[in-house]
Amino acid sequence: MKNKEIRKLFLALIFFSLAGGIFYNFQEIWLAENGLSVSTISIIYSLCALITCSTIFLCSNIIRENKIKKFTCIFLFLKTLCIISLFLLNNSGFNVLIKFIVMLEYALDTEIYACIYPMISLINKSDKIYAAKGLTYSFMYYLGVALSALLLGHIVGGFVINNNVYVLIGAIFSLLSFFIILSTDVNKYYEKDSRNEKNLLFKLLSNLKKDKISILYLVSSLVGQISYRCILGMQITLLVNLYGVTSKVASMVFLVLGISASVFGFIVLWKLTFKNDYVNISIKILGRVIVYLLALIFNNNILYVIAIIYPAFTAECYTHIIDAPYINRHEEKFQFAFCNLKDMTSYAGRAIGVFLCGIGIVHGIKYIFGFALAFVIVQVILCYICLYLRNKEARSKI
């Protein structure tokens, strides 16, 4: 990443990720401290997902290529104001306002992240940079989670670190990200002939009717999210119910897994990517088929834990093989719209997966892995087909 503007965008992403890890880690507890019940908090997060899908659809149509930086800065500034408002509203009793701001902030956060790669791709469209973007976000997010867990209750500079202090720290990091992106100069990379194009999402959808590869990729992303969230949609509850460990121990297990997955993802990106992409896909997705199947056949708690750890540990690797090539197939002017379309399918898959995970927890662990296995088999088949068609397309262009 020799380009100065790309380095700035990654620095902004680092602060943005840290803000998320610190701010979101104890948000549920912060909401509970403000008098909201568990059922109310769960409803808020469900509404967050619905609002996010609507926001993604709206932004895909109103944000054009030459406006992405402007809108990202506006969203970051609004996100910062939202977080500061929550800090000031702590224990105020204005819970209706708090609920609204939490949902608004969540939607803004999702859209900001969706804007990052389209800005980068204007400068340099690269599968490895796309993967590095996701890995950087995950690693710094979990680093923020770790810092918030370690510092909670400690006294720093005469101040006791509590959940509301984390809200303020999140606002500070978010503001730093805003100023960094504001200082970037991406305007010179825009294609002048695309500045006046409107309704890019609808044009993209029209183009997709003839794009079998993209359609299959989006379906594979949907079923992949369903399968993944069947296992890890309620990961803390799942581990607590399976082994009876405390929620604190379970959260620390997944924190370590999250950081390890990010580190492993970086290693894979630079050192462990095989020349044969069928091998790369098999390591990540076919491996899940195998561990899920073994857990179901032998009905063994140790195998169940391995089947939980494996998808979590491999979650961040091989995105430069499984995701990036299909996003980078599209022209820069459609990058933002396609990224948003992919996010919409991912959120839909996440919602279905979490719902099935809840059913499985109530009726038994076998149901969880049965659901996950069924969907991951479909995913691996679709990934192989997409790769075959993509290779065939590449050969036809030679």
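Each value, and the rule that gives it
- Residues numbered from 1 in each chain as written.
- Predicted model: local features only at pLDDT ≥ 70, side-chain atom pairs only at ≥ 80, totals over all residues.
- Heavy atoms only, no water.
- Helix = DSSP H or I, 4+ residues; strand = E, 2+ residues; numbered from the N terminus.
- Rg over C-alpha atoms; globule rule 2.2 N^0.38 Å.
- Buried < 20%, exposed > 50% of the residue type's maximum accessible area, 1.4 Å probe, protein only.
- Contact = heavy atoms within 4.5 Å.
- 1 Å grid on protein atoms, 1.4 Å probe; cavity = no way out; pocket = protein on both sides within 12 Å on 5 of 7 lines; lining within 4 Å.
- Points joined across faces, edges and corners; volume = space filled by probe spheres on them.
- Nonpolar A, V, L, I, M, F, W, Y, C, P; charged D, E, K, R; others polar.
- Axes fitted to C-alpha atoms, helices over the stretch in contact; angles between N-to-C directions.
- Left-handed = near helix turned anticlockwise from the far one by under 90°.
- Phe/Tyr/Trp six-rings, centres within 6.5 Å; stacked < 30°, edge-to-face > 60°.
- Lys NZ or Arg CZ within 6 Å of the ring centre and 35° of its normal.

### Digging into the overall build of the protein
Alright, step 1. Across its full length, the protein carries 17 helices and two strands.
Alright, step 2. Whereas a compact globule of 398 residues would reach a radius of gyration of roughly 21 Å, the protein reaches 21 Å, a difference of no more than 12%.
Alright, step 3. Overall, the protein is about 65 × 55 × 35 Å in size when its C-alpha atoms are taken along their principal axes.
Alright, step 4. Burial status across the protein gives 52% buried among its 398 residues.
Alright, step 5. Partitioning the contacts of the protein with sequence separation of at least 6, the portion at a separation of at least 24 is 83%.

### Focus on empty space enclosed by the protein
Alright, step 1. Using the criterion set out here, one finds one cavity of 30 Å³ or more in the structure.
Alright, step 2. Put simply, the largest cavity is a space of about 40 Å³.
Alright, step 3. If you trace the largest cavity, you find it lined by Tyr217, Ser220, Ile281, Ile321, Ile322, Tyr326, Cys383 and Cys386.
Alright, step 4. Taken together, the elements giving at least two residues each to the lining of the largest cavity come down to helix H9 (212–232), helix H14 (319–322) and helix H17 (365–396).
Alright, step 5. Of the residues contributing to the lining of the largest cavity, the split by class is seven nonpolar, one polar and no charged.

### What about the side chain of glutamate 105?
Alright, step 1. Mapped onto the elements, glutamate 105 comes out in helix H5 (residues 95–123).
Alright, step 2. Relative accessible area serves as the criterion here: at 0%, glutamate 105 is assigned to the buried category.
Alright, step 3. Glutamate 105 has contacts with Phe23, Tyr24, Lys79, Cys82 and Ile83, leaving out every residue within four places of it along the chain.

### As for the packing of helix H1 (residues 4–25) against helix H6 (residues 127–151)
Alright, step 1. At a closest axis distance of 7 Å, the pairing of H1 and H6 adopts a crossing angle of 35°. Judged by the twist between their axes, the crossing of H1 over H6 is right-handed. Listed contacts from H6 to Ile6, Phe10, Leu13, Ile14, Phe16, Ser17, Leu18, Gly20, Gly21, Ile22, Tyr24 and Asn25 of H1 are Ile129, Ala132, Lys133, Thr136, Tyr137, Met140, Tyr141, Leu143, Gly144, Val145, Ser148 and Ala149.

### Some details on the packing of aromatic side chains
Alright, step 1. Evaluation of the coordinates by the stated rule reveals 16 aromatic pairs.
Alright, step 2. Ring geometry for phenylalanine 16 and tyrosine 137: centres 6.1 Å apart, planes at 40°, overall tilted. Pair noted here: phenylalanine 16 is in helix H1 and tyrosine 137 is in helix H6, with a separation of 121 residues, a long-range link.
Alright, step 3. We classify tyrosine 137 as buried; its relative accessible area is 17%.
Alright, step 4. Ring centres 5.5 Å apart and planes at 45° place the aromatic pair phenylalanine 77 and phenylalanine 178 in the tilted group. Of this pair, phenylalanine 77 sits in helix H4 (residues 68–89) while phenylalanine 178 sits in helix H7 (residues 163–182), and the two are 101 residues apart along the sequence.
Alright, step 5. The exposure class of phenylalanine 178 is buried, given its relative accessible area of 11%.
Alright, step 6. An aromatic cluster of three or more residues is present, and its members are Phe16, Tyr113, Tyr137, Tyr141 and Tyr142.
Alright, step 7. Positioned over the ring face of tyrosine 130 is lysine 133, at 4.5 Å from the centre of the ring.
Alright, step 8. One residue, arginine 390, lies across the ring of tyrosine 326, its end atom 5.0 Å from the ring centre.

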